[in-house]
Amino acid sequence: MSTRIAFLKGHGTQNDFVIVPDPGNTQDLSPAAVAALCDRRRGIGGDGVLRVVRSAAHPEARPMAAEADWFMDYRNADGSVAEMCGNGVRVFARYLQRAGLVAAGDLAVATRAGVKRVHLAKPSEHPPGEEGAWSAPVTVGMGRALLPTGEVTVGVGERSWPARHVDLGNPHAVAFVADLAHAGDLRTAPVVTPAASYPRGVNVEFATDRGERHLAMRVYERGSGETRSCGTGACAVAVAAARRDGIDPARTGTPVTTTVDVPGGRLTVTEHPDGQVELTGPAVIVAEGRFELATAEEQHLSSL
């Protein structure tokens with residue numbers, strides 16, 4: 001029996017998501033259903049699913065309901081649950097604005113990595129664009145980056161590099177390379193050792209320098225493969241590069257802003273002296289409609 005659900009499609013620097021409005025937490029999305037939605041040939045297509053739920057209606061988010069009205073239930077493209085997504089939370093906030101649920105300005109979003117503070121730029125805060133308010137950048141307070149100790153190595157084919165472990169609510173291994181092409185085609189996950197360092201899997205970033213406080217990166221996201229962008233990954237790369245260069249805002253008392261180019265565009269990362277990291281970039285809603293979920297889910301399961 002077919003189940004028709006409403007959806008929207010959005011992206012942040014081409015890191016794209018299927019948005020499923022479900023304020024009352026009534027839509028149970030199985031891993032197979034998420035994978036069907038994200039399938040680029042038989043579904044809508046996306047790097048993940050953003051389910052929009054009122055915090056008070058979701059058991060994981062209920063303790064955060066006093067701070068944040070809305071919970072971002074984020075799933076990777078393979079259906080696995082993820083803690084946080086920097087591009088995703090910007091697109092999530094843009095949806096709330098587009099749906100008339102929030103206004104431009106400041107808001108809080110509950111995630112599995114805690115409450116994130118978001119700023120939707122007002123028209124007076126950015127140059128006019130073709131889409132007006134919908135083209136305004138979105139800034140997310142990503143929290144503090146944790147830098148666990150221990151040696152980590154990332155390998156692709158015959159090449160390997162030392163990597164920096166950075167945690168921004170989800171885990172990252174950042175490797176600095178001479179050429180982003182050295183990461184290969186990234187159709188399979190890079191080898192990360194020791195594997196015990198990341199019991200829940202890891203996002204792997206390959207980064208190279210483009211100039212002073214200007215980096216470029218590629219990323220392999222756990223559960224999704226190579227994506228056109230990763231917000232938490234861009235933050236991890238910026239923090240790892242600052243420490244590599246001997247820069248720590250907590251010591252200097254001066255914020256550090258880094259430009260990070262991703263295949264899908266450009267993001268800006270600022271680390272403040274109190275350790276808080278901010279991510280700024282675009283967020284765009286491109287489509288909406290209805291999807292025959294049960295039929296696609298059955299097709300996905302039959303192909304396994």
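Residues numbered from 1 in each chain as written. Predicted model: local features only at pLDDT ≥ 70, side-chain atom pairs only at ≥ 80, totals over all residues. Heavy atoms only, no water.

**Let's talk about the overall build of the protein chain**
Now for step 1: Along the backbone of the protein chain there are 5 helices and 18 strands.
Now for step 2: In terms of overall size, the protein chain behaves like a compact globule, its C-alpha atoms giving a radius of gyration of 19 Å where 304 residues would be expected to give roughly 19 Å.
Now for step 3: Its C-alpha atoms give the protein chain principal-axis dimensions of roughly 55 × 50 × 40 Å.
Now for step 4: Sorting the 304 residues of the protein chain into buried and exposed places 53% on the buried side.
Now for step 5: Counted over contacts in the protein chain with a minimum sequence separation of 6, partners at least 24 positions apart contribute 63%.
Now for step 6: Counting 31 positive and 35 negative side-chain charges, the protein chain places the centres of these two groups 1 Å from one another. (Helix = DSSP H or I, 4+ residues; strand = E, 2+ residues; numbered from the N terminus. Rg over C-alpha atoms; globule rule 2.2 N^0.38 Å. Buried < 20%, exposed > 50% of the residue type's maximum accessible area, 1.4 Å probe, protein only. Contact = heavy atoms within 4.5 Å. Lys, Arg positive; Asp, Glu negative; His and termini not counted. Charge placed at Lys NZ, Arg CZ, Asp CG, Glu CD.)

**Notes on the pairing of strand β16 (residues 265–271)**
Now for step 1: Where strand β15 (residues 256–262) and β16 come together, 7 bridges link them in antiparallel fashion. Counted as the bridge partner of aspartate 261 is arginine 266 from β16.
Now for step 2: In textbook terms, the turn of a hairpin is the stretch between consecutive antiparallel strands, and for β15 and β16 this stretch comprises 2 residues.
Now for step 3: Pairing between β16 and strand β17 (residues 276–281): 4 bridges, direction antiparallel. Its bridge partner lying in β17, threonine 270 is registered against glutamate 278.
Now for step 4: Connecting β16 to the next strand, β17, in antiparallel fashion are 4 residues, including glycine 275 with a positive phi near 95°. (Pairing = 2+ DSSP bridges.)

**Here's the deal with unusual backbone geometry**
Now for step 1: With an omega of -5°, the peptide bond between threonine 193 and proline 194 qualifies as cis.
Now for step 2: Here threonine 13, not a glycine, exhibits a phi torsion of approximately 50°, which is positive.
Now for step 3: Along the polypeptide, threonine 13 turns up in the loop between β1 (4–12) and β2 (15–21).
Now for step 4: Threonine 13 sits in the buried class, given a relative accessible area of 3%.
Now for step 5: A positive phi angle, close to 65°, is found at glutamine 14, a residue other than glycine.
Now for step 6: Counting through the fold element by element, glutamine 14 comes out in the loop between β1 and β2.

**Thoughts on the nonpolar core**
Now for step 1: In terms of nonpolar packing, the biggest core is built from 50 residues, with Met72 and Met217 touching the most fellow members.
Now for step 2: At 8 residues, helix α3 (residues 231–244) tops the list of elements feeding residues into this core.
Now for step 3: One finds Trp161, Leu186, Ala216 and Tyr220 within the second-largest nonpolar core, a separate group that totals 18 residues. (Core = buried A, V, L, I, M, F, W, Y, C linked by side-chain atoms within 4.5 Å.)

**Observations regarding the side chain of histidine 58**
Now for step 1: Residue position: histidine 58 is located in the loop between β3 (48–54) and β4 (70–76).
Now for step 2: On the accessibility criterion, histidine 58 (5% relative accessible area) is buried.
Now for step 3: Those residues within four positions of histidine 58 in sequence are excluded, and the remaining contacts are Asn25, Arg51, Val53, Phe71, Asp73 and Arg112.

**A closer look at the packing of aromatic side chains**
Now for step 1: Taken as a whole, this structure holds 2 aromatic pairs when the rule is applied.
Now for step 2: Its guanidinium or amino end placed over the ring of phenylalanine 176, arginine 244 lies 4.5 Å from that ring's centre, counting from NZ or CZ. (Phe/Tyr/Trp six-rings, centres within 6.5 Å; stacked < 30°, edge-to-face > 60°. Lys NZ or Arg CZ within 6 Å of the ring centre and 35° of its normal.)

**A short note on the environment of arginine 266**
Now for step 1: Checked against the element boundaries, arginine 266 lands in strand β16.
Now for step 2: Using a relative accessible area of 48% as the deciding quantity, one classes arginine 266 as partly exposed.
Now for step 3: Along the sequence, arginine 266 and threonine 280 sit 14 residues apart, while their C-alpha atoms lie 9.2 Å from each other.
Now for step 4: Excluding residues that lie within four positions of it along the chain, arginine 266 makes contacts with Thr13, His214, Thr259, Val260, Asp261 and Pro282.

**Thoughts on the environment of histidine 172**
Now for step 1: Its location among the elements puts histidine 172 in strand β10 (residues 171–176).
Now for step 2: Residues histidine 172 and alanine 35, 137 residues apart in the sequence, show an inter-C-alpha distance of 23 Å.
Now for step 3: Sequence-distant contacts of histidine 172, that is, excluding residues within four places in its chain, are made with Arg164, His165, Val166, Tyr198, Val202, Asn203, Glu205, Cys230, Thr232, Gly233 and Ala236.
Now for step 4: A distance of 3.1 Å separates the side chain of histidine 172 from the side chain of threonine 232, its partner in a polar contact. (Polar contact = N/O pair within 3.5 Å; in protein donor to acceptor, adjacent residues only side chain to side chain.)

**So, the state of the cysteines**
Now for step 1: On inspection of all chains with the given rule, the structure shows 0 disulfides.
Now for step 2: Free of any disulfide, cysteine 38 has its nearest neighbouring cysteine sulfur in cysteine 85, separated by 11 Å.
Now for step 3: Looking at the unpaired cysteine 230, the closest cysteine sulfur is the one in cysteine 85, lying at 6.4 Å. (Disulfide = S-S within 2.5 Å.)

**Observations concerning the side chain of aspartate 73**
Now for step 1: Within the secondary structure layout, aspartate 73 lies in strand β4.
Now for step 2: A polar contact is formed between the side chain of aspartate 73 and the side chain of arginine 112, at a distance of 2.7 Å.
Now for step 3: The residues contacting aspartate 73, other than those within four sequence positions of it, are Val49, Leu50, Arg51, His58 and Arg112.

**Brief notes about the pattern of salt bridges**
Now for step 1: Following the criterion strictly, the structure yields 24 salt bridges and no others.
Now for step 2: Put simply, arginine 244 and aspartate 245 hold a salt bridge, and the shortest N to O gap is 2.9 Å.
Now for step 3: Note on aspartate 245: relative accessible area 37%, which makes it partly exposed.
Now for step 4: Residues joined by salt bridges that share partners form a network here, namely Asp22, Arg51, Glu60, Asp73, Arg75 and Arg112. (Salt bridge = Lys/Arg side-chain N within 4 Å of Asp/Glu carboxyl O.)

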